[in-house]
There are 2 protein chains.
Amino acid sequence: MGKADIYEVAKAAGVSISTVSRAFTRPDLVSDKTRRKVLDIADKLDFNISRSATALKSGRTNRVALLMNEEITSWFNTQTFAGIESMMHPAGYDISLFQHIDTEQNRREFFTDLPIRRNVDAVFVASFAIDPHETEQLKRLHVPIIGINTPSVDGFDATVSIDDERGMYTATQHLINLGHKHIVYPCSEAALLNSSIDARTRGFIRACQDGEHKHELNWQVLSVPRGPAFADSALSALLALDEFPDAICCQMDMMAIPLVLKLERYGHRTPRDYSIVGFDDSPYADTINLTTMRQDPYAMGRTAAGKALKLIDGKELDTPHEVVEAQLVPRGTDMPFGDVE
Amino acid sequence: MGKADIYEVAKAAGVSISTVSRAFTRPDLVSDKTRRKVLDIADKLDFNISRSATALKSGRTNRVALLMNEEITSWFNTQTFAGIESMMHPAGYDISLFQHIDTEQNRREFFTDLPIRRNVDAVFVASFAIDPHETEQLKRLHVPIIGINTPSVDGFDATVSIDDERGMYTATQHLINLGHKHIVYPCSEAALLNSSIDARTRGFIRACQDGEHKHELNWQVLSVPRGPAFADSALSALLALDEFPDAICCQMDMMAIPLVLKLERYGHRTPRDYSIVGFDDSPYADTINLTTMRQDPYAMGRTAAGKALKLIDGKELDTPHEVVEAQLVPRGTDMPFGDVE
DNA sequence: TTGAAAGCGCTACCAA
DNA sequence: TTGGTAGCGCTTTCAA
């Protein structure tokens, strides 16, 4: 009872180990009666095919790597992970997670040692800037490399990305179209490592520059240090302004949500006193009725995983590189400038 | 270049494959010069030890299973996962995730097929009720079984759990001590599968029953269907009450936070009009200044993983079963009954 | 300190 | 449909 190997099962079933193996992995090649008997005995003996042995024999690892910025606990990372997992797990793959590839030291270590070399069937790179040298290193793994929200498609076999720049352009334009004249973009500095954040800032700036041609516009990027208190820093910076803006455009909901809640304590209420839009449509955005740009990292994870599975199988991709658009979700934190509630 | 096996490395380095192997896994058994040379050549040839082969040879899988209720995307599950990962990854283990072991069908499938049999070195069971038959099935895996927030320690080699019942007792008592007379406990039905929720409800009820002996008390459990709209259901149920309560005790922050935000739209403001306490100290609890019971699933994950690693190594645990207490985090949503802001 | 060789548990080829 | 068998890439005795 317990710990039986394939030989014991074969003996108990009166068949060869080949047949036991086939009963599990090629059921169609085994007669119904034999297969049933084998599986039955295997169950009694607590036997199962060893993934390690299968992996060794097949030359596949049944494992993929996922590299991410920061912690998996952020909304974006969790959703991405869950999306990838939802495709890869049923396909028999485990995900080997490498977090915090966002510090100089971790990056160097990872890309020098390349601990995943020969040990994964594909690599996902989620949402961070990666330089050409690092891409070269990944190529030495000789496995498919799939990017999610990477700043460029260079060196990637497949990518799926949101158009952050355009998304934020849309959000900003929305505020400008509502007639707002004084727009502030509170922005936590994450510049070097998170491509999404940079792209969004560029989108805001471009929309404002375009808008200036048609309307008078007073806009600014309000940069605050990153870290756990970035929202409070942004709050202080906003309150320290000579004149409070009539619109706030946020790089992400995690900035917008605290601002909406805390500005109220200082007498600034949305949409009565100012409009605000977020980005992500992350948890509680709906609860506080935040107008925001929706992106769906879970779906992006699934798309990326689908591409990975095809590439692992040696198939060609019809569209290796996909770009998705963020969608404006109009809710209750924006109003035409000058209107009264 | 690329895809070299251990023989090529051995040849290029002028040593045997044994020495190559040792250079990686037993560096102390190889002379400095030889080791350096081998590792250098291995790097040039993009070689690395195969985990599959190591696993097969050693009899270990370097993989653990994590079974969870629902999606990994919930706050509790993500934190738990991240905690386990933070210990297991550096120790060389991948986590094979099994989500949604909370439907009758998924459970039956999982515990019948036992897909992890012979394929993991340990199993974590996170936060759900598991019956004796299922525990028996897990035992057939002949690997350590570690529970996180399981309703009982029976059948587990180790557990780490929060005392939900006592935590909620404390929260409720806190409200009673503030002098509140009319306390409602909005509760989403998750009864059968989530042991924590049940225990918390019991804690609330017991605290109220104890409190009744000393004060007059009007308390009730307000049960609403589970699902994505549970907070809105609770909101409706609260507003439909003949008399609005002066205190609300919530099974979790995800109930409390929407209630605080939405009740305000109906003129009920905390702490002016009512006190409310949550449970978890999850994201935005601090932002809205919610008084709540803090638990730390990340730390529980780490503790559980530490136990798992010892058990995998065949060591005995000093304290296989640990219970931690939730801590009251006093913030701004509670006030002595009758006080004016 | 190093090398030779057996064998971990399986899959897949070939033969029956 | 089934069985025999080589070999996947490594680790680990044992011997040198």
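To be clear, the structure that these remarks concern was listed above.
Right, let's walk through the structure included here. Every chain is numbered independently, its residues counted from 1 as its sequence is written. By the order in which they are written, chains take letters starting at A while ligands take numbers starting at 1. The model is predicted, so local features are restricted to residues of pLDDT at least 70 and side-chain atom pairs to those at 80 or more, both for listing and for counting; the totals for chains, interfaces and linings are taken over all residues. With hydrogens and water set aside, each side-chain value is computed from the structure's full complement of heavy atoms.

This part covers the interface of chain A and chain B. It is common to give the size of an interface as the accessible area lost on bringing the parts into contact. Each partner contributes residues to the interface: chain A has 59 residues there, and chain B has 59 residues. When the two sides are added together, the surface that chain A and chain B hide from each other amounts to roughly 4600 Å², 49% of it contributed by carbon and sulfur. Within this document, salt bridges are pairs made up of a side-chain nitrogen of Lys or Arg and a carboxyl oxygen of Asp or Glu, the two lying within 4 Å of each other. For the pair chain A and chain B, the interface holds 6 salt bridges. Among the ionic pairs, B:Arg140 bridges to A:Asp46, the shortest N-O distance being 2.4 Å. Polar contacts, as used here, are pairs of N or O atoms within 3.5 Å; protein pairs need one atom able to donate a hydrogen and one able to accept it. Residues neighboring in sequence count only if both atoms are side-chain atoms. Scanning the region where chain A abuts chain B turns up 24 residue pairs in polar contact (both at pLDDT 80 or more). The way it works is that DSSP assigns letters per residue, a run of H or I at least four long becomes a helix, a run of E at least two long becomes a strand, and they are numbered from the N terminus. At the level of secondary structure, the elements contributing two or more residues to the side of chain A that touches chain B comprise helix H3 (32-44), helix H4 (51-58), helix H5 (75-88), strand S2 (94-98), helix H6 (104-113) and helix H11 (253-265) of chain A. The biggest single contributor to the side of chain A that touches chain B is H11(A), with 8 residues. Its residues assigned to classes, the side of chain A that touches chain B shows 24 nonpolar, 16 polar and 19 charged. Working rule for contacts: check all heavy atoms of both residues, and any pair within 4.5 Å makes them a contact. Summed over both partners, the accessible area (1.4 Å probe) lost when two parts come together is defined as the buried area. The classification used treats Ala, Val, Leu, Ile, Met, Phe, Trp, Tyr, Cys and Pro as nonpolar, Asp, Glu, Lys and Arg as charged, and all other residues, Gly among them, as polar.

All names here are of chain A. Here 6 strands make up an open sheet; going across it, the order is S7-S6-S8-S9-S10-S12 and the pairing mixed. Strand pairing shows two members of the sheet lacking a second neighbour, strand S7 (218-224) and strand S12 (327-329), which therefore form its edges. Each neighbouring strand pair of the sheet contributes to a mean axis angle of 20°, computed without reference to strand direction. Here, a strand pair is defined by DSSP locating no fewer than two bridges between the strands. Sheet topology note: the strand S6 (residues 182-188)/strand S8 (residues 247-249) ladder contains 2 bridges and is parallel. Paired with valine 184 across the bridge in S8 is isoleucine 248. Contacts between helix H10 (residues 230-239) and the sheet are confined to S6, S7 and S8, with S7 contributing the most and set at about 140° to the helix. Throughout, an axis means a line fitted to C-alpha atoms (over the contacting stretch in the case of helices), and angles, computed between N-to-C directions, take values from 0 to 180 degrees.

Let us look at the relation of the copies chain A and chain B. For the pair chain A and chain B, the relating rotation is 180°, the translation along its axis is 0.0 Å, and the fit reaches an RMSD of 0.1 Å. Both copies are brought into coincidence by an operation consistent with a two-fold rotation axis. In terms of C-alpha distance to the rotation axis, chain A has A:Ser52 as its closest residue, with the C-alpha 2.5 Å off the axis. Our superposition of the copies is a least-squares fit, built on the C-alpha atoms of residues whose pLDDT is at least 70 in both.

Turning our eyes to something else, we now look at the protein's contact with DNA strand D. In the region of DNA strand D, 27 residues are neighbours, and A:Thr19, A:Thr34, A:Arg118, B:Ile6 and B:Ser21 sit closest. One heavy atom suffices: a residue is near a molecule or strand as soon as one of its heavy atoms comes within 4 Å of it. Restricting the count to atoms of DNA strand D within 4 Å of the protein gives a sugar and phosphate share of 56%. In the model, a sugar or linking oxygen of DNA strand D is placed 3.4 Å from a nitrogen or oxygen of the B:Thr54 side chain. Those elements giving two or more residues to the surface near DNA strand D turn out to be helix H2 (17-25) and H4 of chain A together with helix H1 (6-13), helix H2 (17-25) and helix H4 (51-58) of chain B. Partitioning the surface near DNA strand D into residue classes produces 10 nonpolar, 12 polar and 5 charged.

A:Thr270 connects to A:Pro271 through a cis peptide bond whose omega is 0°. Residue placement: A:Pro271 occurs in the loop between H11 and strand S9 (275-280). Phi angles above zero are rare outside glycine, and B:Leu114 is one such case at about 45°. With phi around 70°, B:Asn289 is a residue other than glycine that occupies positive phi space. Looking at the element boundaries, B:Asn289 is found in the loop between strand S9 (275-280) and strand S10 (291-294). Judged by relative accessible area, B:Asn289 falls into the partly exposed class, the value being 31%. A 1.4 Å probe rolled over the protein chains alone gives each residue an accessible area, and that area as a share of the maximum for its type sets the label: buried under 20%, exposed over 50%, partly exposed in between.

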